[in-house]
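Residue strings, one per chain:
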Amino acid sequence: MAGVTWGQNSRSAEIGPRLGRVRSQWPFTFTAEDRKGRRMNRSRSYSLGPSHRRRQPQSHGNLLSQWNSALHAARMECPRDSSEKGLLDSDLPSPYGFRLGRKFQGWVLLLTICAAGIGGTFQFGYNLSIINAPTLYIQEFTNETWQMRTGRPLPDHLVLLVWSLIVSLYPLGGLLGALLAGPLAITLGRKKSLLVNNIFVVAAATLFGFSRRAGSFEMVMLGRLLVGVSAGVSMNVQPMYLGESAPKELRGAVAMTSAIFTALGIVMGQVVGLRELLGGPQAWPLLLASCLVPGVLQLASLPLLPESPRYLLIDRGDSKACLAALQRLRGPADLAGELAELEQERAACGGRRARRPWELFGDRALRRQVASLVVLGGAMELCGNDAVYSYASAMFVQARIPPEKVQYAVIGTGGCELLATLVSCVVIERVGRRVLLMGGYCLMTCWGSVFTAALCLQSSFPWMPYLAMSCIFAFILSFGIGPAGVTGILATELFDQTARPAAYMVCGVLMWTMLFLVGLGFPFIMEGLSHFLYVPFLCVCVCAAVYTFFFLPETKGKTFLEISEELYRLNFPGWSQSPMWRGPEVVQSTEL
């Protein structure tokens, strides 16, 4: 490892592999040497200011800028050996007097993931699944309430209409929440948006809990709308918050945790909704109001954790808060390279305001990003996974599972998705995003085809229902490995800081609209196509796999600036370099 020679007030010290036990006083200079002690640049040293010893609070940002610029110059001009470009960050001294190590201390990041997830996408999956258990009880409550008010029962078709409204208000609320998420994330920040979002959860839980005592099914409808708004906000803000807080080496795995918490919420909703727990005829108000528990857990834990460093530096311009957040998230790791990257990204954004959703569609530089978001986001909702959940109970009954045991088999479907997302989280930084997406959609096409054949032949062979049931589990596993988690990362990685909130708004509106349309149209598809109901979904899976192969760039292990550069070259094939890119040597905010 190369050594570093640095001087302080005319006294110099040789700093070898062990760095950082010298107090940071200013000014000082450093030069770099190779392993044999030969001076690589005799005529130049790297001097860092300011000249006074006591640093003023307002000079904190300038200190980071000067430090990053000097380190970049040292890396470029002082190669470690003939096969490497320059110094490693760990070879250079730190302006804060501690060693810049490569060990990643992830406890704070892990707690941030859990605190954001438990009140974020966990709520989406949980509220999506708990509504299935009390279906008959809520319909009976609606009929009884109407009879108490008018003296006559509600006709069956109107009872079904009220129930359809209760179910449909959830994606409608999600659509409103997706539109609200972008302005909240820009105005309040990522962390505060998640905290404020729990207002909708508390209000919904109160309405659910007192609906039976008040004799009002309208309170249930309003509560479903409010939890939908909460889910819409959290589905957009949580992956944005985690993607911006994670280091580039773990960004995909950390962003994948949003899908893990969604699957975990589905499983927990299925478990809590069992008749032995809160799925009984008297406990359904408590079942719906139990969404308050994860909300309280988030309110108790998330305020103790840091805000997104990118939001603090690029959106708010607070370099001191950004550095403090990075130190908490990374521990005693090397921050010099990441700080330089953040400074470059801030310079590339050039002080521009946040984009509006409709502006994304008119910007030629975002053409491929928007197309990928729309095509793959729509494919995730139209691939048939939600329809599999709807068809699972009927398949379990046809496979001769006793009706009273079907609820336990349904839990297995949620468990399959949870297992698959966990596996995907582990391997995503090894195999990349494209492989998981293409593999997931190809496997879904395969299992969907076998499932269609099994439905057509179920009357001919007695073992076909078992094959169809196996295909259901395999289809859900394939969905969890690829599309379930990777699709949510696209808006984080394909768009820069100014366009990211708007991109999540577009993605959220698309997702909730498709969810509503699939729920509305699937009964008609099932009635019209019969055993071939999965053919349209299979076509969507094939198209998504083909698009991923030809048009989606790989983002594994790349910084946001590197991704932006590659996408710019794809959008403008005749240009060799993006006009937004500025190397660290010409960025005004990092000049000495």
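Residues numbered from 1 in each chain as written. Predicted model: local features only at pLDDT ≥ 70, side-chain atom pairs only at ≥ 80, totals over all residues. Heavy atoms only, no water.

Going by an unreviewed UniProt entry, the protein chain carries the name Solute carrier family 2, facilitated glucose transporter member 11 isoform X4 and comes from Camelus bactrianus.

## Side note on the overall build of the protein chain
Each helix and strand in the protein chain was counted, giving 23 helices and four strands. The burial tally for the protein chain puts 55% of its 592 residues in the buried class. A fraction of 77% describes how many contacts in the protein chain between residues 6 or more apart in sequence connect residues 24 or more apart. Carbon together with sulfur atoms contributes 64% to the accessible area of the protein chain, which is approximately 25600 Å² in total. (Helix = DSSP H or I, 4+ residues; strand = E, 2+ residues; numbered from the N terminus. Buried < 20%, exposed > 50% of the residue type's maximum accessible area, 1.4 Å probe, protein only. Contact = heavy atoms within 4.5 Å. Areas by Shrake-Rupley, 256 points an atom, 1.4 Å probe, with all protein chains shown as cover.)

## What to know about the nonpolar core
Nonpolar side chains in soluble globular proteins tend to end up buried together. With 122 residues, the main nonpolar core has Leu360, Tyr441, Phe495 and Trp512 as its most contacted residues. A per-element tally of this core places helix H7 (residues 217–245) first, with 13 residues. Not counting the four nearest positions on each side in its chain, Phe495 is found in contact with Leu360, Leu366, Gln369, Val370, Leu373, Leu490, Arg500 and Ala503. By size, the runner-up hydrophobic cluster in this structure holds ten residues, among which are Cys322, Leu323, Ala325 and Leu342. (Core = buried A, V, L, I, M, F, W, Y, C linked by side-chain atoms within 4.5 Å.)

## Some details on the packing of helix H18 (residues 433–456) against helix H22 (residues 535–551)
Interaxial distance between H18 and H22 falls to 9 Å at its minimum, and their mutual angle equals 160°. In terms of their interaxial angle, H18 and H22 are classed as roughly antiparallel. Where H18 crosses over H22, the two elements pack in a sense that is left-handed. From H18, Arg434, Leu437, Met438, Tyr441, Cys442, Met444, Thr445, Gly448, Ser449 and Thr452 reach across to H22, where they touch Leu538, Cys541, Val542, Ala544, Ala545, Thr548 and Phe549. Residue classes in the contact of H18 with H22 are distributed as eleven nonpolar, five polar and one charged. (Axes fitted to C-alpha atoms, helices over the stretch in contact; angles between N-to-C directions. Parallel < 35°, antiparallel > 145°, perpendicular 65-115°, else oblique. Left-handed = near helix turned anticlockwise from the far one by under 90°. Nonpolar A, V, L, I, M, F, W, Y, C, P; charged D, E, K, R; others polar.)

## Side note on the state of the cysteines
Under the counting rule described, the total for this entry stands at zero disulfides. Its sulfur unpaired, Cys543 is 6.7 Å from the next cysteine sulfur, which belongs to Cys539. (Disulfide = S-S within 2.5 Å.)

## Some points on the environment of Arg368
Inspection of the secondary structure assignment puts Arg368 in helix H15 (residues 367–382). Sequence spacing of Arg368 and Pro553 is 185 residues, and the spatial spacing of their C-alpha atoms is 9.7 Å. Those residues within four positions of Arg368 in sequence are excluded, and the remaining contacts are Tyr547, Phe550, Phe551, Leu567, Leu570 and Asn571.

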